[in-house]
Amino acid sequence: MAALHIADIEAAINHWRARAPRSEGPALAPPLRALAEVYARMAYFRQDEIDESALAGDALVAWLDWYATTPDTPCIAICSTSQGDDLCKGCGRSFDEVQHWPAYSPAQKRAVWRRITRQGTAWRFNRYAERAQEGMSENGL
């Protein structure tokens, strides 16, 4: 099983905070409560990661619902691994990661996303991201 990073748990909590209607009193919506319990345990025990199999059913469902709102693949359709590079210049994934991506679990995919985002060296995070931002501002998006 793959591990989920606390940053992904926090992102899922923020997703549910935006979606869950506020209730009267201190009660949290069920998905929020399930994820908050996981987050609190991780913070208390100073854990950065938790195995996805350790998530209770409600927390896993809430996390997977958030995951479904994220981009599935970091691919930007410029794959240099097909040209022999060990790491793709476009997305930052290794040849094996690109090849086996469809078989990866959501937690495995998020681990790869976390690594390539931290590295920030792939074109997805620099020149093409800048161009996309320019295009969005020019089109009023």
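Predicted model only: the values in this text are computed from it and were never measured. (Residues numbered from 1 in each chain as written. Predicted model: local features only at pLDDT ≥ 70, side-chain atom pairs only at ≥ 80, totals over all residues. Heavy atoms only, no water.)

### Some details on helix α5 (residues 106–119)
If you check α5, its first and last C-alpha atoms are 20 Å apart, about what 14 residues at 1.5 Å a residue would give, namely 20 Å. For α5, the set of buried residues is Ala107, Lys109, Arg110, Val112, Trp113 and Ile116. Lining the buried residues of α5 we find β1 (3–5), α1 (6–19), α3 (57–67) and α4 (95–100). (Helix = DSSP H or I, 4+ residues; strand = E, 2+ residues; numbered from the N terminus. Expected span 1.5 Å × (residues − 1). Buried < 20%, exposed > 50% of the residue type's maximum accessible area, 1.4 Å probe, protein only. Contact = heavy atoms within 4.5 Å.)

### A closer look at the confidence of the model for the chain
Averaged over all residues, the pLDDT of the chain is 88; the fraction at 70 or higher stands at 85%. Averaged pLDDT values for the elements of the chain fall to 59 in helix α6 (residues 127–138) and rise to 96 in α3. (pLDDT = per-residue confidence, 0-100.)

### Overview of the pattern of salt bridges
Enumeration according to the criterion identifies four salt bridges in this entry. Among the salt bridges present, the one from aspartate 85 reaches lysine 89, with a minimum N-O distance of 2.6 Å. Classification of aspartate 85 by relative accessible area gives partly exposed; the value is 25%. Note that arginine 115 is salt-bridged to glutamate 97, the shortest N-O span being 2.4 Å. Of the two residues, arginine 115 sits in helix α5 while glutamate 97 sits in helix α4, which places them 18 residues apart along the sequence. (Salt bridge = Lys/Arg side-chain N within 4 Å of Asp/Glu carboxyl O.)

### Quick notes on the side chain of aspartate 8
Within the element layout of this structure, aspartate 8 appears in helix α1. Here aspartate 8 is in contact with Trp63, Trp66 and Arg110, once residues within four sequence places are set aside.

### Quick word on the packing of α1 against helix α2 (residues 30–44)
Any two packed helices are characterised by how steeply their axes cross, that is the angle between the axes, and by the distance between the axes. Following both chains from N to C, one finds α1 and α2 inclined at 150 degrees, their axes separated by 9 Å at the closest point. When the interaxial angle is binned, α1 and α2 end up roughly antiparallel. The chirality of how α1 crosses α2 is left-handed. Facing Ile6, Ile9, Glu10, Ala12, Ile13, Trp16 and Arg17 of α1, the residues of α2 in contact are Pro31, Leu32, Leu35, Ala36, Val38, Tyr39, Met42 and Ala43. Taken together, the residues that form the contact of α1 with α2 break down as 13 nonpolar, no polar and two charged. (Axes fitted to C-alpha atoms, helices over the stretch in contact; angles between N-to-C directions. Parallel < 35°, antiparallel > 145°, perpendicular 65-115°, else oblique. Left-handed = near helix turned anticlockwise from the far one by under 90°. Nonpolar A, V, L, I, M, F, W, Y, C, P; charged D, E, K, R; others polar.)

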